[in-house]
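Summary of structural features
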Amino acid sequence: MAQIRIENVRKDFGAFNAVKSSTFTVEDGEFFMLLGPSGCGKTTTLRMMAGLELPTSGEIYIDGGEVGMKPASQRDIAFVFQMFALYPHMNVGKNISYPLYSQGMAKADVKKKVDEVAEILGIQDILNKPVGGLSGGDRQRVALGRAIVRSPKAFLMDEPLGALDAEFREHMSEELRALHDRMGATTVYVTHDQLEAMQMGDKIVVMNHGVVEQFGVPQEIYDWPATKFVANFIGSPSMNFLDFGGMVGVGTHSVALNGVKVEVPAMREGAKGPLSVGVRPEHIHFSDDAEYRGRVVASEYLGTTQIVTLATANGEVKARIPANVSVRTDETIGLKFDERTLTVFEGAKGTALRSVTNEKVLAHG
Ligand code: ATP
């Protein structure tokens, strides 16, 4: 088990800066997600942790010891790729035991270890089968078995479920998480799928263009996005942004949207427009007496809820409301916002202006 710390790590490929100065800590035993769109630098960050890529500058610590320039073989970390190559001419047991024989472990100890791992993964009954005829799930379990059997300090996984279809992917992600909970080994997991990150992770780092935009537990990131990018990337449909001009001062508790006063959590810092109020679809409520109004453009039925798209004076918004509320296209509806859940963003950079005090108060009820 291990704590992994990235400190001011930067990576350049020639003139291209793939990872800007990044700092975060993966605590011992955590299931830690590196999340972001394609090309944001997730894989490069993971490869630097593994020792497969050297940082241009900055430090990487494993259990407090600096390893930035150490080769992968000296880090005692297992790297699980999306496309894992199993040895086709060996049976399941041999595939799993191979890393132990190459370490020179005695035969009796290898057997004990392989049996242990097979039990953890529930594959005791296929140990003698050739890997060729296995289902996708069993192949994945064998590949995991090969990584687990060495009892490494940590697992680094690069979109390990990326090649699977949606249903099976969900099943395997639950299995992976359960396996982690049983073993308690530090795991760093790369994904571009925000839902997967929210469901599986103890903590999430959200990256964009080589920059760590936010780092925290899933709920904190969902409820209190630090930037517009994070607010947009997490959640489906994503957060709405009601754009407005003007100015807000430190400590302000309300903003004017098309002349209507909307209460917001107090601001940490003042800012001049363009500004926007961020509101999640589930935090918009329909109310006849609400002064702020929107016109229904479309609605999408989802079973227990529906997503209603409305045109407002500050841009289009999507509201998630119960499916049994009847709405008609073109009708005008009063909209109420759940004040405590709103975040004001500064337009140009998209930084959240919410007050830290509010965050703490809300986080602890
Ligand atoms: P993806 O999910 O598409 O793999 P990612 O977030 O993992 O994306 P990286 O693979 O880390 O992104 O790549 C970050 C950027 O660095 C990309 O623009 C990529 O083209 C570039 N890059 C990665 N490896 C190299 C390399 N060896 N040489 C040059 N550029 C590279």
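Residues numbered from 1 in each chain as written. Predicted model: local features only at pLDDT ≥ 70, side-chain atom pairs only at ≥ 80, totals over all residues. Heavy atoms only, no water.

We now examine the site of the ligand. The ligand sits among Phe13, Phe16, Ala18, Pro37, Ser38, Gly39, Cys40, Gly41, Lys42, Thr43 and Thr44. Ser38 is positioned with one of its side-chain polar atoms (N or O) 2.7 Å from an oxygen atom of the ligand. A distance of 3.0 Å separates an oxygen atom of the ligand from a polar atom in the side chain of Lys42. If you list the elements that add at least two residues to the shell around the ligand, you get β2 (16–26) and α1 (42–50). Top contributing element to the shell around the ligand by residue count: α1, with three residues. A class-by-class count of the residues in the shell around the ligand yields five nonpolar, five polar and one charged. (Near = heavy atom within 4 Å. Polar contact = N/O pair within 3.5 Å; in protein donor to acceptor, adjacent residues only side chain to side chain. Helix = DSSP H or I, 4+ residues; strand = E, 2+ residues; numbered from the N terminus. Nonpolar A, V, L, I, M, F, W, Y, C, P; charged D, E, K, R; others polar.)

Below, the discussion takes up the domain arrangement of the protein. Looking at the protein, the domain boundaries give domain 1 (4–223) and domain 2 (238–364). Summarising the inter-unit geometry, the C-alpha centres of domain 1 and domain 2 are found 38 Å apart. (Domains from an automatic or database assignment.)

In total, this model carries 15 salt bridges according to the counting rule given. The partner of Arg5 in a salt bridge is Glu7, with the nearest N and O atoms 2.6 Å apart. Glu7 gets classed as partly exposed once you look at its relative accessible area, which sits at 22%. The salt bridge involving Glu263 is made with Lys261; its shortest N-O contact spans 3.9 Å. Look at Glu263 and you get partly exposed, because its relative accessible area is 36%. You can call Lys261 exposed: its relative accessible area is 61%. Shared partners join several salt bridges into a network, and the residues in it are Asp138, Arg141 and Glu175. (Salt bridge = Lys/Arg side-chain N within 4 Å of Asp/Glu carboxyl O. Buried < 20%, exposed > 50% of the residue type's maximum accessible area, 1.4 Å probe, protein only.)

What follows covers the sheet that holds β2. Reading across the sheet, the four strands line up as β2-β1-β4-β5 and stay open at both edges, with antiparallel pairing between neighbours. Lying at the two open borders of the sheet, with one neighbouring strand each, are β2 and β5 (65–66). Two elements, strand β1 (residues 4–13) and strand β4 (residues 57–62), share five bridges in a ladder whose sense is antiparallel. Counterpart to Arg5 in the pairing with β4 is Tyr61. (Pairing = 2+ DSSP bridges.)

Between helix α2 (residues 92–102) and helix α3 (residues 107–121), the least distance of the axes is 10 Å, while the angle of their chain directions is 130°. Taken together, the axes of α2 and α3 lie oblique to each other. Both α2 and α3 take part in a crossing whose hand is right-handed. Contacts between α2 and α3 involve Gly93, Ile96, Ser97, Leu100 and Tyr101 from the former and Lys107, Val110, Lys113, Val114 and Val117 from the latter. Residue composition of the contact of α2 with α3, by class: six nonpolar, two polar and two charged. (Axes fitted to C-alpha atoms, helices over the stretch in contact; angles between N-to-C directions. Parallel < 35°, antiparallel > 145°, perpendicular 65-115°, else oblique. Left-handed = near helix turned anticlockwise from the far one by under 90°. Contact = heavy atoms within 4.5 Å.)

Here the focus is the nonpolar core. Of all hydrophobic cores here, the largest spans 42 residues; its most connected members are Val92, Ile96 and Tyr189. Each residue touching Ile96, except ones within four places of it in the same chain, is listed here: Val114, Val117, Ile123, Leu127, Val142, Gly145, Arg146 and Val149. Judged by nonpolar contacts, the second largest core, of 28 residues, contains Leu242, Leu257, Val260 and Val308. (Core = buried A, V, L, I, M, F, W, Y, C linked by side-chain atoms within 4.5 Å.)

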